[in-house]
Amino acid sequence: MTNPLSNLRSETAPSNLISVLQERSAASASTGTTHAHWMRAEPRDFPSTASGQDAMMVGAVSTLVSELVDSIDRADPSQAGHALRVAALSTMLGSSIGMGVKELRALRVSALLHDVGKILVPTEILSKNGPLTASETTEMRRHVVYGGAILSRIPVLAFAASTARWHHERWDGLGYPDRLVGHAIPLFARIVAVADALDAMTSVRAYSPAISLADAYEELESESGAQFDPLIVSAVGPLVGASGFQDSWVSLASHMESMPVAA
């Protein structure tokens, strides 16, 4: 079987961006910085505004993130815009629980790229107009493994790898791929899991019509402490109950991809 990661260089970004990222990685290595423990990487590794070469790096990362988001939408056109909406809602939730500006910036990018592994899932599975077989379901679920692997190979985005890999874990330990339990699941992944589910429930999908925000929130509440972190679910209520929430969500989503990666 062909290694699905063998063509990552050509499938994830233009070669010149990969070269820039590799150069930055080498520079980090020379100063003792390492991303070997990418699964526990922190937002401190995220680029911040600077001048000269670092400013060019920030621009390159912004372009790379945009390229990856576009690749996700091309891989699964039926879900176009999903990454933007999940990023917007994740940012709202992060703000609600008191995250600072730098954490919110890193959360936004992590949420934008949570489904990046789908670019390595066969198109016939992503676009299948019918129930998936057991083997197809297994392959679809591997998008989280692929996503973690893709982002771990890009040092400046390594902090987002844990969200890509673990956003389908469950609070009760019955999720995938690693059956993590409770706080063993990184906070970003717990937030994205809730945002992902809310967007899925309120969007039209092949086998499920969209439901109202109120009904979707009831579903989240019913899974609080089982599928989802109770803290994150509790942060959803005030948001969806606020006047004009859906318009604010859509408006913020429309700006997610164009926001700079550093501020």
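Further up the page is the structure itself.
Residues numbered from 1 in each chain as written. Predicted model: local features only at pLDDT ≥ 70, side-chain atom pairs only at ≥ 80, totals over all residues. Heavy atoms only, no water.

(A) Local environment of the overall build of the protein chain. Across its full length, the protein chain holds 13 helices and zero strands. Helices and strands in the protein chain line up, N terminus first, as α-α-α-α-α-α-α-α-α-α-α-α-α. Among the 263 residues that make up the protein chain, the fraction classed as buried is 49%. Nonlocal contacts in the protein chain, meaning residues at least 24 apart in sequence, comprise 69% of its contacts between residues at least 6 apart. By element, 53% of the accessible surface of the protein chain is carried by carbon and sulfur atoms, the whole surface being about 12100 Å². (Helix = DSSP H or I, 4+ residues; strand = E, 2+ residues; numbered from the N terminus. Buried < 20%, exposed > 50% of the residue type's maximum accessible area, 1.4 Å probe, protein only. Contact = heavy atoms within 4.5 Å. Areas by Shrake-Rupley, 256 points an atom, 1.4 Å probe, with all protein chains shown as cover.)

(B) Structural context of a negative patch on the surface. Side chains of Asp215, Glu218, Glu219 and Glu221 sit close together on the surface and give a patch of like negative charge. Inspection of the secondary structure assignment puts Glu218 in helix α11 (residues 213-222). (Patch = residues over 30% accessible without salt bridge, like charges linked within 9 Å, V, L, I, M, F, W, Y side chains within 5 Å. Salt bridge = Lys/Arg side-chain N within 4 Å of Asp/Glu carboxyl O. Lys, Arg positive; Asp, Glu negative; His and termini not counted. Charge placed at Lys NZ, Arg CZ, Asp CG, Glu CD.)

(C) Broad picture of the nonpolar core. Core analysis: the largest hydrophobic core is formed by 63 residues, its most contacted members being Leu89, Leu93, Leu113, Leu151, Leu157, Leu198 and Leu220. Element by element, the count of residues in this core is highest for helix α10 (residues 187-201), at nine residues. (Core = buried A, V, L, I, M, F, W, Y, C linked by side-chain atoms within 4.5 Å.)

(D) Geometry of the pattern of salt bridges. Applying the stated criterion across every chain yields a total of eight salt bridges. Between Asp115 and Lys118 there is a salt bridge, and its shortest N-O distance comes to 3.7 Å. Of the charged contacts in the structure, one is a salt bridge between Arg190 and Asp229, with a shortest N-O distance of 2.7 Å. Here Asp229 lies in the loop between α11 and α12 (230-241) and Arg190 lies in helix α10, a separation of 39 residues in the sequence. Connected through salt bridges with shared partners, the residues Asp76, Asp115 and Lys118 form a single ionic network.

(E) Representation of unusual backbone geometry in the model. Residue Pro177 is bonded to the preceding Tyr176 through a cis peptide linkage, with omega at 10 degrees. Position of Pro177 among the secondary structure elements: in the loop between α9 (161-166) and α10. Positioned with a positive phi, Arg179 is a non-glycine residue whose angle comes to about 55 degrees. Examined against the element boundaries, Arg179 turns out to sit in the loop between α9 and α10. Classification of Arg179 by relative accessible area gives exposed; the value is 54%.

(F) The side chain of Ser110, seen in detail. Looking at the secondary structure, you find Ser110 in helix α5 (residues 101-112). A relative accessible area of 0% places Ser110 in the buried class. Not counting the four nearest positions on each side in its chain, Ser110 is found in contact with Phe159, Ala160, Thr163 and Phe188.

(G) Structural detail: the packing of α10 against α12. Taken N-terminus to C-terminus, the directions of α10 and α12 make an angle of 45 degrees; their axes are 10 Å apart at the nearest point. As judged from the angle between their axes, α10 and α12 are oblique. Taken as a pair, α10 and α12 cross one another with a handedness that is right-handed. Only Ile232, Val233, Val236 and Val240 of α12 make contact with α10, whose side of the interface consists of Leu187, Arg190, Ile191, Val194 and Leu198. Along the lines of polarity and charge, the residues of the contact of α10 with α12 split into eight nonpolar, no polar and one charged. (Axes fitted to C-alpha atoms, helices over the stretch in contact; angles between N-to-C directions. Parallel < 35°, antiparallel > 145°, perpendicular 65-115°, else oblique. Left-handed = near helix turned anticlockwise from the far one by under 90°. Nonpolar A, V, L, I, M, F, W, Y, C, P; charged D, E, K, R; others polar.)

(H) Inspection of the environment of Ile97 at higher detail. Tracing the backbone through its elements, the reader meets Ile97 in the loop between α4 (82-96) and α5. Accessibility expressed as a relative area gives 28% for Ile97, which makes it partly exposed. Taking the C-alpha atoms as reference points, Ile97 and Ile232, separated by 135 residues in sequence, lie 8.0 Å from one another. Not counting residues within four places of it along the chain, the set of residues in contact with Ile97 comprises Leu187, Ile191, Ile232 and Ala235.

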